[in-house]
Each structure stands twice: as C-alpha cells, then as structure tokens.
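# Reading the structure
Here is what each chain is made of, one letter per residue.
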2 protein chains.
Amino acid sequence: MRCDVLAVGTELLLGQIIDSNSAWLGEQLAARGIDSLLQVKVGDNTARIAAEIERLLRSADALIICGGLGPTHDDVTREAIAAVMGVELRVDDEVADRILEMFASRGRRMPQNNLRQAQVPVGAQIIAQRRGTAPGLICPVEVDGVSKVVFAVPGVPHELHEMCERAVFPALAERSGDPAVIVSRVLRTWGESESGLSERLAGVIADLDEVGNPTLAFLASGWEGLKVRLTAKGADTEAAMGLLEEYEERIRFELGDLVFGVDDETMESVVLDLCRRSGFTLGAAESVTGGLLSGRLTAVPGASDVFVGSVVSYATEAKRSVLSVESDLVVSEHAAAEMAEGARRVLNSDLAVALTGVAGPDEQDGMPVGTLCVAVSGPDGLETVVRTLRMPGQREPMRQMSVITALDIVRRRLESIGD
Amino acid sequence: MRCDVLAVGTELLLGQIIDSNSAWLGEQLAARGIDSLLQVKVGDNTARIAAEIERLLRSADALIICGGLGPTHDDVTREAIAAVMGVELRVDDEVADRILEMFASRGRRMPQNNLRQAQVPVGAQIIAQRRGTAPGLICPVEVDGVSKVVFAVPGVPHELHEMCERAVFPALAERSGDPAVIVSRVLRTWGESESGLSERLAGVIADLDEVGNPTLAFLASGWEGLKVRLTAKGADTEAAMGLLEEYEERIRFELGDLVFGVDDETMESVVLDLCRRSGFTLGAAESVTGGLLSGRLTAVPGASDVFVGSVVSYATEAKRSVLSVESDLVVSEHAAAEMAEGARRVLNSDLAVALTGVAGPDEQDGMPVGTLCVAVSGPDGLETVVRTLRMPGQREPMRQMSVITALDIVRRRLESIGD
C-alpha cells in the first residue's frame, strides 16, 4: 500500500515554517508497513492543490493532506478536494454546532468565518475535532476507475497526531486489507553507540530479519538518547502486544541497564521519578553546561518536589566563593567532587550532581575540548562518584551530551541504591 | 521566474531527518523575487527522481535538487539527471584529482567509491566543491523546446548554503535576465507584537509597497525575537546597500530601542557585549526558568569573561538559604528584587538579573500561570529595577519568553547607563 503526503501552506514554501508533519507521517506510515514515496509542499492555491491531489493519486492508493483547513480565506484544502471529487461543499450542522459550542465554552465571540470549517465536500466522512476547531475529512476519490482515498487533517502538529492515530491510521489499515493491529515501543538507551547496540543485538536482529515481525529500528536522538524502536503487527492487540513483549524482553536481556526508559520517558523524568520514589531531593552544580542540566530538569512539570536548584558556577571565583572549591585545576575530578559536595551543602539536598569540563573553543587547564568531569555526591553514607569522559568537540553538542551523560550517572547511583 | 525544489533521500521520507533545506531555499528564493511553487521529497530511486525532474520542469523554469550526490550506491541524483538530459556520465579528471587531494591532505585513504562523485553528466557545468567532497552541477535541460536548468547541490546544509550563495543564486539571477545584486538585513526586535510593529511601520510599509524595492518581511522567531527583514535589489552592491541603509534608518527611527540587534546578533550576545564594553560582570538568579537563561548566555563562546554564574533557586528553601530571600510570596516583585540582590552579593557580580514566576501547570501564591517578575540589581549606585509581566500560558513557551524578556530588561538598563 502506498500513501503519499501533501503539506499545504504558502508559509511552508516561504520557509517561515519548516514542514515537520510529513516527516512524522512518513515515520508513522513506515512503522505500519505503508510506503510513502512522494511528499509534496504546495501553497494556498486551490488549482495547484487540486492538481497535486490528482497527480499523486494516479500512483498512490491514498493521500494525507495536512493544513489548509483553518477558518481564513486562504485555507482552501476543502475547496480543492471538492473540485477533485467533482462535488460541492455543504455546511455540516453537527460540526457547526460543535464549533459554536467551543467558542461559547471559552466565553468568546465566534468570528463568522469560523463556520467555513463546517463546510464538507458532499460524500466525505468527518473526523470529529477534539483539540482544535477544524474537523478532519475522509474523502473517497475515484481515479481511472480505481477507488482511492484522501485524508485531510489540520496542520497543527498535536491536532494532526491525535487525528491520525484515532482515525487515519486505522482507516488505512482497514483499506490495506490488512486490518492488523500495529503496536510499537521505544526503548531509550544511553552509553553505547549505534554500532555497539547493533553488535549486542546481532542475534535478535538476525531472528527479526527472519520472522519479519516485529521490526526494529535505531533512532539517534541527540540528548534524548539512542532509541531502539520495536514495531509489531498482530491480528488483535493481544497478539501484537504479545510479540512486542517477547522481543522487548530479549532486547532488555541483551542491553541490561543501557535501557533507561520507555516511550516518552526522558532521562530527566526517569531521574526525577527515581528520586521521588526514594524520597531524595536533588541539587546540581554546573560549570561547562552553564544551567542546561537544570533547565532540562525543570522542563518536567512537577520537578519542584524533587529538584531544589543549582549553582551555576561559571567563573572560577564563583566555584570558590559559593561552592568552596579549592582545587587549582577547575576541570578535574577533584574539582567536580568539591562542586557536588559544595552544592549538596549549600542547597541542602540529599544528592547533588556536578559538571565541569571544556566546551571550547579553547582547551583549559591543559585539558582538551570535549573533556567532561562529573561527580555525584550523596545520599548520606555513600562515597562521591567521579568520572572523566570524552564528549564531542563542538560546543553545543558537547554541552548537550554532557547533560544526559551526567544524569545517567545519577540514574545509575539511584538504581544501585534501589537494588 | 519559478524555481522549484526537489529534496532527495529515503531518510527524508522515513522521517529520520526533517528536510529543512527546502525551507531555507524557499526563504532565499523569495527574498530574490523568485517563486517556488512546489517542493517535493523523493527517495533514492533513479526512475522516480528522473520522473519528478521532468514533471517539475514542465511548469518551473529551474529546479534545485538537494542531496543524493554522495559516494554510495544509493546516491543516484547524477544518474537521474543524466537520464533526463539523455546523456551519459563521464569522470571529470579535475574533480577526481580534487577528491584525491582532499583525502591525501587529511592523511586518509580514499575509499574507491568516492570517485563516483567525479562523474558528471556530459554537457553539465561543475560547481567546484569547497567544504565537502561532492561538487555541485549546473545542468541545461530542454523541455518541450524550452531551455531550462537543473542545479544539483549536496544535502549537507552548510555545503548547500555555501554553494547556493556562490553559484546557484547568481546563476538564477543571470537567467532571470535580472542580474541585480540582492542584499538583506535582519533587524531583531523585542517588546512589540507583529501587529504592533506593523502599525508603527505603516508609513514605511506603504512606501515600500509603492516602490517595490526593498521588500520587508516579519519573522516571528520565538525567543530569538521578532525579526524585521529588509531585502534590497540594485544594479550593484553599492546601489543595493544604499537602498537598504536608507530604509533601515527609517525603520530604526520608527522602532527606536525595540531593535536590539542586527543579523546574527542574539539578545544574549548583545547583553554580553554591552557588559563587556562597560567592564561589568553579570550574574543571575533563576526560579521559574530553572537555568535556561544561564544556559543561553553560556552558549555564546567567550561568555565566561562577563558571565560569572547563576543561582538556580528552584525550591523556596534554596531562595531563603542561598539568596537570603525573606518575602513570604516567592512570586512577587519584592522576591525578585531580593533574589537579584542576593545573587549579586553571593556571586560578587556588578549586575544580576532575577526571574521568578509561574510556568504552570498550576497557579502559585495566587498568581496565575504566565506571571513573570523580573529584577535587575546593579551596577553600584543604581536602584534595583523590578517588572511584572504576562507571558504565554504554556510551560515551555512561558519559560523561553521569560528568558528573552528578562535579558531585554538588562539590555535597557545597560543602554541607559551608556547614554
């Protein structure tokens, strides 16, 4: 089965917005065994949108159109689809009522043009709106005597994701004559390169290549970690989940504690959860990362019940005055340990993590760019852990990788206590 | 003139990489008055790439292809172009020598497949490689008796940018029969909405609409600020720059100190430069932003000679113990002032900026989500400035906007001293 993608919006062609929707759709379709061979951006122009729909449907079985469903006069996806279908647009009263209600419930007056969003090509099916005011559409289209389908969804990413998962992907699966249930799981890892993971998983990968289901993919995601995604297909949810769990277990057996989280869990959320479960508070002392680690931890809602704060001791003088660092060399394991212990004392936290290193452009204290020293102090009764590591040489990658690397060391300390 | 874009790479369709090249090209083409009406992603498949080239050139005058010029067997852009031109590929000795030299100069053995990159469709012109090993190509193509052109450039963004600016855009300008020089300048602003800026610039915009050159565009860029981009065209650089400067002056007159920087200057770099020029050091105390502001400042290479550090006092207890905050309400102007003064004392900096606020999900101290209190303490002899502002209600946008808003208050204090 082939499903192409048409992203609509002049702002995409002008480069004011980067089209990330089609990449997301491509990833999701691939995971479901559906080919997406052409993905096109077109402006807000009815004739050109219609021409692209016809052109793409000559080869593809289905087409997902994202964008152009809003209330303004340049949102013309509905008109273009109706033109291709050879039908007119009619107001759907149920959709109109829902839009009116949404405005009423927010206590706002509805600008009249919002009712444009209630217009539906005759013969199209509606995907009820949940997050925004525009509904999605499922439109049957006949091309050269073959029945094909166009899905229209809003361009706002979270609305698009929700509607695709709820209605578009299931409808595609049904049409493909392969009404299998697809489930997937991401195992997030840290501490091994992609080729290192491949090597550890060589046996599992060989077996998967043979059976063909589930499939496995590696996704390098910077300071989000290196993801291993398993996608399984089954006659029903139970069968698919069974397969998924069988291989997840095999992968976890091979990778052990390289796996730090599942699906949407991040290294930050995992560390905060581990602290929360143990009743520990966490502090930090940052030099080379200059606040990035704290910024990531506090991006997690509810971080405040665990994370007390950080001392960003960027200047050497600040390390000495606030954290009582005495080491001559401020990029050293000894300095990192002093920073962690100082932060724990000053912030009165159960644990503290410290980072000092060289992000460049120049080396420091004779240490090359990319050097990172991490220390974890606490909880009470345990010795301070120190590590020296080698990060990438460019400034921002160095700082970002330092954040996840340091948090991983905190995670390992917390997990070792839990054992 | 119309120039479409074809981005080549199966990894783009699978969503492993988001295609940002075509957005960049769209922006650059628009600035030069060239339409880009279709932008297509296609996989590493010779027949499909060739079919898209033919299809797009039926309507467009020119086509830029990015990607698929590498050394591996799935880099087939050269083959597809040769097929469309109806010619064969031949090794260009000069290109081959240059590739061999590049490997030799890095002391590395050249894998044989790298010579694939020296293959050139007969009749194509070469854009010499500078940053990578693959050269670009300028390929004349006849479509329905009309002479058109295909430009092929590498998919690596910095190689693509360099080659387009050096060879592709000038060649397009020449073909368009409009060999004008194009120059542009971005004025970065903070403190007004897009519609607010429009209103202030109504007179300038009306004049620009009439003369048509330069053109003006607004680009909302989150915590990068709201950008006003002027693009001028002239017979030579001097004429184009003259126009640019004339209108820049008019815009600056209308916007005054809303303009904080030009082109690549960021709010962070501007604040650091102002401090450096005055000989002041800077510290910070962050609550709601949890280290983000410090993380941004320290992303600027060389920040360490100005920025001494920060106290991320996320927990109330940390505000009291490290910064000696006594206010009962920790989201208040009074608390912000105490934080700034505390940070200046603890970090021994000339100035300190403090942020406290509510990022949500819940309100705090009776203050609604989106509330931000900022204080700037120092330099010696000046009263602490305090401000309460209303930021967006979602967590990350709230925190990011708080960073640029607070730095803007520091900028204004520093500029007022300079006067």
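### Here we look at the overall build of chain A
Along the backbone of chain A there are 14 helices and 17 strands. Considered along the principal axes of its C-alpha atoms, chain A spans approximately 80 × 55 × 40 Å. Taken across its 419 residues, chain A has 56% of its residues classed as buried. Long-range contacts, defined here as pairs at least 24 residues apart, represent 67% of the contacts in chain A between residues at least 6 apart. Counting only carbon and sulfur atoms, one obtains 48% of the accessible surface of chain A, whose full area is about 17100 Å². Of note, chain A has its 40 positive side-chain charges centred 4 Å away from the centre of its 63 negative side-chain charges.

### Here we look at the interface of chain B and chain A
On the chain A side, the residues contacting the 55 residues of chain B number 55 residues. With both chains or domains summed, chain B and chain A bury close to 4100 Å², and 59% of this area falls on carbon and sulfur atoms. Counting across the interface, chain B meets chain A through two salt bridges. Here A:Arg55 and B:Glu52 are joined by a salt bridge, their closest N and O atoms 2.6 Å apart. Inspection of the region where chain B meets chain A yields 24 residue pairs in polar contact (both at pLDDT 80 or more). Ranked by residue count, the leading element in the side of chain B that touches chain A is strand β14 (residues 307-313) of chain B, at seven residues. Residues of the side of chain B that touches chain A, tallied by class, amount to 28 nonpolar, 18 polar and nine charged. Pairing analysis gives five bridges linking strand β2 (residues 38-42) of chain A to strand β2 (residues 38-42) of chain B, with the strands arranged antiparallel. Opposite A:Gln39, over in β2(B), you have B:Lys41 as the bridge partner.

### Points about unusual backbone geometry
Trans is the prevailing form of peptide bonds, just as negative phi is the prevailing case for residues other than glycine. Backbone torsion omega between A:Asn213 and A:Pro214 reads 5°, so that peptide bond is classified as cis. Relative to the helices and strands, A:Pro214 is located in the loop between α8 (202-211) and β10 (215-220). With an omega dihedral of -5°, the bond running from B:Gly378 to B:Pro379 counts as a cis peptide bond. Along the chain, B:Pro379 turns up in the loop between β16 (371-377) and β17 (385-390). The phi angle at A:Asp144 is positive, at roughly 50°, despite the residue not being glycine. For A:Asp144, the position within the fold is in the loop between β7 (136-143) and β8 (146-153). Backbone geometry places A:Asp263, a non-glycine residue, at a positive phi of 55°. Mapped onto the elements of the fold, A:Asp263 is located in the loop between β12 (259-262) and α10 (267-278).

### Digging into the relation of the copies chain B and chain A
Mapping chain B onto chain A is achieved by rotating through 180° and translating by 0.6 Å along the same axis, at an RMSD of 0.8 Å. What the superposition gives is, in effect, a two-fold axis relating one chain to the other. The share of interface residues of chain B whose copies in chain A are also at the interface is 98%, consistent with both copies meeting through the same surface.

### Some remarks on the environment of A:Asp92
Residue and element names in this part refer to chain A. By secondary structure assignment, the location of Asp92 is in the loop between β4 (89-91) and α5 (93-105). For the pair Asp92 and Arg395, spaced 303 residues apart in the sequence, the C-alpha separation amounts to 55 Å. Among all residues touching Asp92, those that are not within four sequence positions of it are Ala118, Val120 and Ile126. From its side chain, Asp92 meets the backbone nitrogen of Val95 in a polar contact 3.0 Å long.

### Quick word on the packing of aromatic side chains
One pass over the full model with this rule turns up four aromatic pairs over all chains. Taking 5.9 Å as the distance between ring centres and 35° as the angle between the ring planes, the aromatic pair formed by A:Trp24 and A:Phe169 counts as tilted. Highlighted residues: A:Trp24 in helix α2 (residues 21-31) and A:Phe169 in helix α6 (residues 157-175), separated in sequence by 145 residues. Accessibility expressed as a relative area gives 4% for A:Phe169, which makes it buried. Here A:Phe307 and B:Tyr314 contribute two aromatic rings whose centre-to-centre distance is 6.1 Å and whose plane-to-plane angle is 50°, an arrangement assigned as tilted. Highlighted residues: A:Phe307 in strand β14 (residues 307-313) and B:Tyr314 in the loop between β14 and α12 (316-323), drawn from two different chains. For B:Tyr314, a relative accessible area of 13% corresponds to the buried category. The ring of A:Trp223 is capped by A:Arg296, whose NZ or CZ atom sits 3.9 Å from the centre of that ring.

### Some thoughts on the domain arrangement of chain A
The domain boundaries assigned to chain A delineate domain 1 (3-175), domain 2 (181-262) and domain 3 (267-418). When each unit is reduced to the centre of its C-alpha atoms, the spacing between domain 1 of chain A and domain 2 of chain A is 33 Å.

### A short note on the pattern of salt bridges
Residue and element names in this part refer to chain B. All chains considered together, the criterion is met by 48 salt bridges over all chains. Residues Asp4 and Arg2 are paired through a salt bridge, measuring 2.7 Å at the closest nitrogen-oxygen approach. On the basis of relative accessible area, Arg2 is assigned to the buried category, the value being 12%.

### Here we look at the packing of helix α3 (residues 46-59) of chain B against helix α4 (residues 77-85) of chain B
A pair of packed helices can be characterised by two numbers: the angle between their axes and the separation between those axes. All names here are of chain B. Across the interface, α3 lies against α4 with an axial gap of 8 Å and an inter-helix angle of 50°. For the element pair α3 / α4, the angle class is oblique. In this structure, the crossing between α3 and α4 has a hand that is right-handed. Contacts from Thr46, Ile49, Ala50, Ile53 and Glu54 of α3 reach α4 at Glu79, Ala80, Ile81 and Val84. Looking at the contact of α3 with α4 residue by residue, the classes come out as six nonpolar, one polar and two charged.

### Considerations on the sheet that holds strand β17 (residues 385-390) of chain A
Taken in spatial order, the 10 strands line up as β17(A)-β16(A)-β15(A)-β13(A)-β14(A)-β14(B)-β13(B)-β15(B)-β16(B)-β17(B) in an open sheet, and their pairing is mixed. Among the strands making up the open sheet, the edge pair consists of β17 of chain A together with β17 of chain B. Mean inter-strand twist for the sheet, computed between neighbouring axes without regard to direction, equals 15°. Bridging between strand β13 (residues 282-286) of chain A and strand β15 (residues 351-357) of chain A involves five bridges; their strand directions are parallel. Bridge pairing in β15(A) places A:Glu286 opposite A:Leu355.

### Description of the sheet that holds strand β3 (residues 62-66) of chain B
The sheet built from 12 strands is open, its strands ordered β6(A)-β7(A)-β8(A)-β3(A)-β1(A)-β2(A)-β2(B)-β1(B)-β3(B)-β8(B)-β7(B)-β6(B) with mixed pairing. The sheet is open, and its two borders are formed by β6 (125-127) of chain A together with β6 (125-127) of chain B, each paired with just one other strand. Across the sheet, the axes of successive neighbouring strands diverge by a mean angle of 20°, strand direction being ignored. Relative to strand β3 (residues 62-66) of chain A, strand β1 (residues 3-8) of chain A runs parallel, the two being bridged by five bridges.

About the cut-offs
- Residues numbered from 1 in each chain as written.
- Chains lettered and ligands numbered in written order.
- Predicted model: local features only at pLDDT ≥ 70, side-chain atom pairs only at ≥ 80, totals over all residues.
- Heavy atoms only, no water.
- Helix = DSSP H or I, 4+ residues; strand = E, 2+ residues; numbered from the N terminus.
- Buried < 20%, exposed > 50% of the residue type's maximum accessible area, 1.4 Å probe, protein only.
- Contact = heavy atoms within 4.5 Å.
- Areas by Shrake-Rupley, 256 points an atom, 1.4 Å probe, with all protein chains shown as cover.
- Lys, Arg positive; Asp, Glu negative; His and termini not counted.
- Charge placed at Lys NZ, Arg CZ, Asp CG, Glu CD.
- Buried area = accessible area lost by both parts, 1.4 Å probe.
- Salt bridge = Lys/Arg side-chain N within 4 Å of Asp/Glu carboxyl O.
- Polar contact = N/O pair within 3.5 Å; in protein donor to acceptor, adjacent residues only side chain to side chain.
- Nonpolar A, V, L, I, M, F, W, Y, C, P; charged D, E, K, R; others polar.
- Pairing = 2+ DSSP bridges.
- Least-squares fit on C-alpha atoms with pLDDT ≥ 70 in both.
- Phe/Tyr/Trp six-rings, centres within 6.5 Å; stacked < 30°, edge-to-face > 60°.
- Lys NZ or Arg CZ within 6 Å of the ring centre and 35° of its normal.
- Domains from an automatic or database assignment.
- Axes fitted to C-alpha atoms, helices over the stretch in contact; angles between N-to-C directions.
- Parallel < 35°, antiparallel > 145°, perpendicular 65-115°, else oblique.
- Left-handed = near helix turned anticlockwise from the far one by under 90°.

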